[in-house]
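An overview of the molecular structure
What follows is each chain in one-letter form.
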Amino acid sequence: MSEQELKALRVRIDSLDEKVLELISERARCAQEVARVKMASLAEGEVPVFYRPEREAQVLKRVMERNRGPLGNEEMARLFREIMSSCLALEQPLKVAYLGPEGTFTQAAAMKHFGHAVISKPMAAIDEVFREVAAGAVNFGVVPVENSTEGAVNHTLDSFLEHDMVICGEVELRIHHHLLVGENTKTDSISRIYSHAQSLAQCRKWLDAHYPNVERVAVSSNAEAAKRVKGEWNSAAIAGDMAAGLYGLTRLAEKIEDRPDNSTRFLMIGSQEVPPTGDDKTSIIVSMSNKPGALHELLVPFHDNGIDLTRIETRPSRSGKWTYVFFIDFIGHHRDPLVKGVLEKISQEAVALKVLGSYPKAVL
Ligand SMILES: C=C(O[C@@H]1C=C(C(=O)O)C=C[C@H]1O)C(=O)O
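The model shown is predicted, which means the values in this text are computed figures rather than measured ones.

1. As for the site of the ligand
Taken together, Arg27, Val34, Lys38, Phe50, Tyr51, Arg52, Arg55, Glu56, Met84, Cys87, Leu88 and Glu91 make up all the residues around the ligand. Between the ligand and arginine 52, the relevant distance is 3.0 Å, taken from an oxygen atom to a main-chain nitrogen or oxygen of the residue. When the ligand sits alone it has 360 Å² of accessible area, and the protein chains cover 90% of it. Those elements that place two or more of their residues in the shell around the ligand are α1 (3–40), α2 (53–66) and α3 (73–91). Broken down by element, the shell around the ligand gets its largest block of residues, 4 residues, from α3. Tallied by class, residues from the shell around the ligand come to 6 nonpolar, no polar and 6 charged.

2. Notes on the domain arrangement of the protein
When its domains are assigned, the protein resolves into domain 1 (176–260) and domain 2 (272–358). On a C-alpha basis, the centres of domain 1 and domain 2 stand 39 Å from each other.

3. Looking at the UniProt feature "domain: Prephenate dehydratase" (unreviewed entry) in the protein
Here, the residues flagged by UniProt with the feature "domain: Prephenate dehydratase" (unreviewed entry) are residues 95–271. A helix fraction of 32% and a strand fraction of 33% characterise residues 95–271, whose end C-alpha atoms lie 13 Å from each other.

4. Regarding the environment of isoleucine 193
Locating isoleucine 193 in the fold gives a position in strand β7 (residues 192–195). With relative accessibility at 0%, the residue isoleucine 193 sits in the buried group. When the C-alpha positions of isoleucine 193 and alanine 226 are compared, they lie 10.0 Å apart, and in sequence the two are 33 residues distant. Those residues in contact with isoleucine 193 that sit more than four places away from it in its chain are Leu179, Leu200, Leu207, Tyr211, Val214, Glu215, Arg216, Val217, Ala236 and Ile238.

5. A word on the packing of α3 against helix α4 (residues 105–114)
Orientation of α3 relative to α4, taken along the N-to-C sense of each, is 80 degrees, at an axis distance of 8 Å. It follows from the interaxial angle that α3 and α4 lie roughly perpendicular. Between α3 and α4, the residues in contact are Arg81, Glu82 and Ser85 and Met111, Lys112, His113 and Phe114, respectively. Looking at the contact of α3 with α4, its residues break down into 2 nonpolar, 2 polar and 3 charged.

6. Re the sheet that holds strand β14 (residues 324–331)
Read across the open sheet, the 4 strands follow the order β13-β14-β12-β15; overall the sheet is antiparallel. A strand with exactly one partner marks an edge of an open sheet, and here the two such strands are β13 (309–316) and β15 (352–360). The mean angle between the axes of side-by-side strands here comes to 15 degrees, regardless of whether they run parallel or antiparallel. Of the strands in this sheet, β12 (280–287), β13, β14 and β15 touch helix α6 (residues 154–162), which is tilted by about 80 degrees from β13. Strands β12, β13 and β14 of the sheet are contacted by helix α11 (residues 294–304), whose axis makes an angle of about 15 degrees with β14.

7. Considering a positive patch on the surface
On the surface, Arg55, Arg62, Arg66 and Arg68 cluster together into a patch of positive charge. By the secondary structure assignment, arginine 55 is in helix α2. For arginine 55, a relative accessible area of 47% corresponds to the partly exposed category.

8. Some details on the pairing of strand β2 (residues 119–123)
Relative to β2, strand β1 (residues 95–99) runs parallel, the two sharing 5 bridges. Among the inter-strand pairings, lysine 95 is bridged to a residue of β2, identified as isoleucine 119. With α4 bridging β1 and its parallel neighbour β2, the resulting β-α-β unit is right-handed.

9. Thoughts on the pattern of salt bridges
What the rule picks out here adds up to 29 salt bridges. One salt bridge connects lysine 361 with aspartate 279, and the closest N-O pair in it is separated by 3.4 Å. Taken together, the residues span a long stretch of sequence, with lysine 361 in the segment after β15 and aspartate 279 in the loop between β11 (263–270) and β12 at a distance of 82 residues.

10. Some remarks on the pairing of β7
One ladder, built from 4 bridges, connects β7 with strand β8 (residues 215–218); its direction is parallel. Opposite isoleucine 193, over in β8, you have arginine 216 as the bridge partner. Direction of pairing for β7 relative to strand β9 (residues 235–239): parallel, over a ladder of 3 bridges. Note that in β9 the partner of isoleucine 193 across the bridge is alanine 236.

How each quantity is defined
Residues numbered from 1 in each chain as written. Predicted model: local features only at pLDDT ≥ 70, side-chain atom pairs only at ≥ 80, totals over all residues. Heavy atoms only, no water. Near = heavy atom within 4 Å. Polar contact = N/O pair within 3.5 Å; in protein donor to acceptor, adjacent residues only side chain to side chain. Areas by Shrake-Rupley, 256 points an atom, 1.4 Å probe, with all protein chains shown as cover. Helix = DSSP H or I, 4+ residues; strand = E, 2+ residues; numbered from the N terminus. Nonpolar A, V, L, I, M, F, W, Y, C, P; charged D, E, K, R; others polar. Domains from an automatic or database assignment. UniProt positions renumbered as here; feature names shortened; annotations may be inferred. Buried < 20%, exposed > 50% of the residue type's maximum accessible area, 1.4 Å probe, protein only. Contact = heavy atoms within 4.5 Å. Axes fitted to C-alpha atoms, helices over the stretch in contact; angles between N-to-C directions. Parallel < 35°, antiparallel > 145°, perpendicular 65-115°, else oblique. Pairing = 2+ DSSP bridges. Patch = residues over 30% accessible without salt bridge, like charges linked within 9 Å, V, L, I, M, F, W, Y side chains within 5 Å. Salt bridge = Lys/Arg side-chain N within 4 Å of Asp/Glu carboxyl O. Lys, Arg positive; Asp, Glu negative; His and termini not counted. Charge placed at Lys NZ, Arg CZ, Asp CG, Glu CD. Right-handed = clockwise from strand over helix to strand, strands pointing away.

And the structure:
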């Protein structure tokens with residue numbers, strides 16, 4: 001390509017950027033207007049709700065439906081995700097607590113869902129994320145709930161039994177693990193590998209094959225594992241890209257997870273109910289009396305009404321020995337008439353039923 005052609009294309013890009021800039025600014029001014037209207041229409045004593053997850057899901061879906069390339073749908077939605085995040089921050093910057101420390105996959109999930117224009121706060125444990133939201137110190141919390149290789153994150157499920165929380169969103173993240181070392185690590189003398197227990201489990205076969213005799217040490221998070229390795233010469237960590245970058249570690253081996261489709265699902269928790277979008281999921285907790293056929297009784301109304309269950313998990317109820325609660329996720333919103341009917345039917349049979357929330361199905 002000649003210099004001349006290159007120059008002409010760059011002039012065109014500059015002129016397009018000016019238009020994009022003007023359009024983004026116009027969009028941001030519109031969001032400011034939205035904030036003004038929201039404030040003006042408040043009833044006495046009512047608190048304004050600036051963040052509208054159902055509207056954001058709709059915006060992203062529209063972008064994906066209308067996108068004609070060459071950028072892929074996910075890439076385009078990611079860009080709009082950030083534009084919306086910045087527009088919302090003009091109305092009110094969201095405060096989001098997540099399972100920390102900095103560099104965890106939960107932080108990556110929070111950024112994927114809310115964008116980068118939020119005030120984020122790392123917490124040391126899942127339970128602390130719940131408490132921070134309950135205390136009103138942040139608008140939302142982000143916690144892992146299940147992994148495609150290792151199953152449920154029990155701490156999260158148990159925290160739902162102890163706190164009154166509303167689930168207002170979900171996000172899924174492909175999880176790639178790397179074996180990371182620091183600049184002082186003697187790579188042929190590694191005697192210890194740190195990671196979170198879930199991550200060690202997700203890489204079990206790889207570790208058995210490559211480091212069968214090395215001690216596996218479970219620590220509170222992958223980011224914590226990365227942090228420890230930095231100061232030691234005989235250890236390595238299993239963690240992801242964010243932690244590697246944050247602690248300046250190098251990858252001795254990449255993508256070592258046993259299953260290539262290894263993914264984790266995260267939940268956004270808060271206190272705000274989300275209206276229906278037409279493409280929603282609902283999460284409930286049910287406890288049934290300990291009698292034969294109780295689980296069957298619980299599932300029949302879903303089957304009879306053609307409601308698609310996406311997940312069912314059992315946990316000890318913590319209120320009596322050998323009694324259990326069921327965590328159930330299904331397609332639909334608790335305000336849909338069909339779903340309402342099913343929930344009414346279940347509550348007649350159940351000892352207790354709690355709707356944890358209805359929220360838009362993950363778009364990104
Ligand atoms: C602009 C609004 O407020 C926020 C910002 C949005 C946006 O930038 O598109 C969408 C939903 C809200 O989280 C709105 O409610 O429409």
